[in-house]
Amino acid sequence: MTRWFITGTDTEVGKTVASGALLQAASATGLRTAGYKPVASGCEITPQGIRNSDALALQRYSSLALSYEQVNPLAFVEPTSPHIISAEEGRPITFATLSAGLRALEQQAEWVLVEGAGGWFTPLSETQTYADWVEAEQLPVILVVGVKLGCINHAMLTAEAVKARGLRLAGWIANDIQPPGKRHQEYMATLRQRIDAPFLGEIPHLSDTAEQAECGRYLTLPR
């Protein structure tokens, strides 16, 4: 059973697109896969309950038939930092809750992908961040880089922060969140030179969700 944590250089850099692609690639090898997004803010109220589009995507791309609550145990409607809305609603985000959900998936899956919220140091409470939980769980980390102006600095800072925790940076993914610009190739060359971790692939700029459903072919699975 292997476990991975996927983080991004910032919010809105395509962590879920990359997570879906990795789940597709892992499922294609015959593995029993599960996507897990323990905390999600920015949800909608539906007849089925509070639902987050990213968590629904992970549920859809998992090879196991999982309930929504197994994929996303903590869902908040307002799109803000989790520690703010959880305190306001009186629903604390505890490491025990996050780890319990992970343990349950580990009992069923051979390959579990945990998707964070926002960037590496997203706060979960007044005193703890997502990075603290990942360190406690000793999860190998996959970094998603949204390729745009400024991404080189953000990628290098995040990679250094992961390694400062004594964690393994198992790989990184380039996600073209906008059509490639004039300096795209130079950005990519610099990222490949400066990030000391395996390059797992580049997801091209995708115009619709139908294309996202086929993007597992762009990536190599981490080892």
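Residues numbered from 1 in each chain as written. Predicted model: local features only at pLDDT ≥ 70, side-chain atom pairs only at ≥ 80, totals over all residues. Heavy atoms only, no water.

A. Quick peek at the UniProt feature "active site" (unreviewed entry) in the protein. Here the UniProt feature "active site" (unreviewed entry) sits at Lys 37. Mapped onto the secondary structure, Lys 37 falls in the loop between strand S2 (33–36) and strand S3 (39–41). A relative accessible area of 4% means that Lys 37 is categorised as buried. Discounting residues that sit within four places of it in the chain, Lys 37 has contacts with Asn 52, Asp 54, Ala 55, Leu 58, Val 71, Asn 72, Pro 73, Glu 115, Gly 116 and Ala 117. (UniProt positions renumbered as here; feature names shortened; annotations may be inferred. Helix = DSSP H or I, 4+ residues; strand = E, 2+ residues; numbered from the N terminus. Buried < 20%, exposed > 50% of the residue type's maximum accessible area, 1.4 Å probe, protein only. Contact = heavy atoms within 4.5 Å.)

B. Molecular detail of the pairing of strand S8 (residues 141–146). Among the 6 residues of S8, 6 are classified as buried, and the element is accordingly described as predominantly covered. Of the two faces of S8, both are covered, the one formed by Val 141, Leu 143 and Val 145 as well as the one formed by Ile 142, Val 144 and Gly 146. Pairing of strand S1 (residues 2–8) with S8, which is carried by 4 bridges, proceeds in the parallel orientation. Note that in S8 the partner of Phe 5 across the bridge is Val 141. As paired strands, S8 and strand S9 (residues 169–175) are joined by 6 bridges and run parallel to one another. Among the inter-strand pairings, Val 144 is bridged to a residue of S9, identified as Ile 173. Since S8 and S9 lie parallel, the crossover through helix H7 (residues 151–164) that links them has a hand, and here it is right-handed. (Pairing = 2+ DSSP bridges. Right-handed = clockwise from strand over helix to strand, strands pointing away.)

C. Structural context of the nonpolar core. Among the nonpolar cores identified, the biggest contains 71 residues, and Trp 120, Trp 133, Trp 172 and Ile 203 are the most heavily contacted of them. Considering every element that reaches this core, the biggest residue donor is helix H1 (residues 15–28), with 6 residues. Leaving out residues up to four positions away in the same chain, Trp 133 has contacts with Phe 5, Phe 95, Leu 98, Ser 99, Leu 102, Val 114 and Leu 139. (Core = buried A, V, L, I, M, F, W, Y, C linked by side-chain atoms within 4.5 Å.)

D. Structural context of the packing of helix H5 (residues 95–106) against helix H6 (residues 130–137). H6 packs onto H5 with a crossing angle of 50° between their chain directions and a minimal axis gap of 11 Å. Here H5 lies oblique to H6, going by the angle between them. The hand of the H5/H6 crossing is right-handed. Residues Phe 95, Leu 98, Ser 99, Leu 102 and Arg 103 of H5 form the contact with H6, whose participating residues are Tyr 130, Asp 132, Trp 133 and Glu 137. (Axes fitted to C-alpha atoms, helices over the stretch in contact; angles between N-to-C directions. Parallel < 35°, antiparallel > 145°, perpendicular 65-115°, else oblique. Left-handed = near helix turned anticlockwise from the far one by under 90°.)

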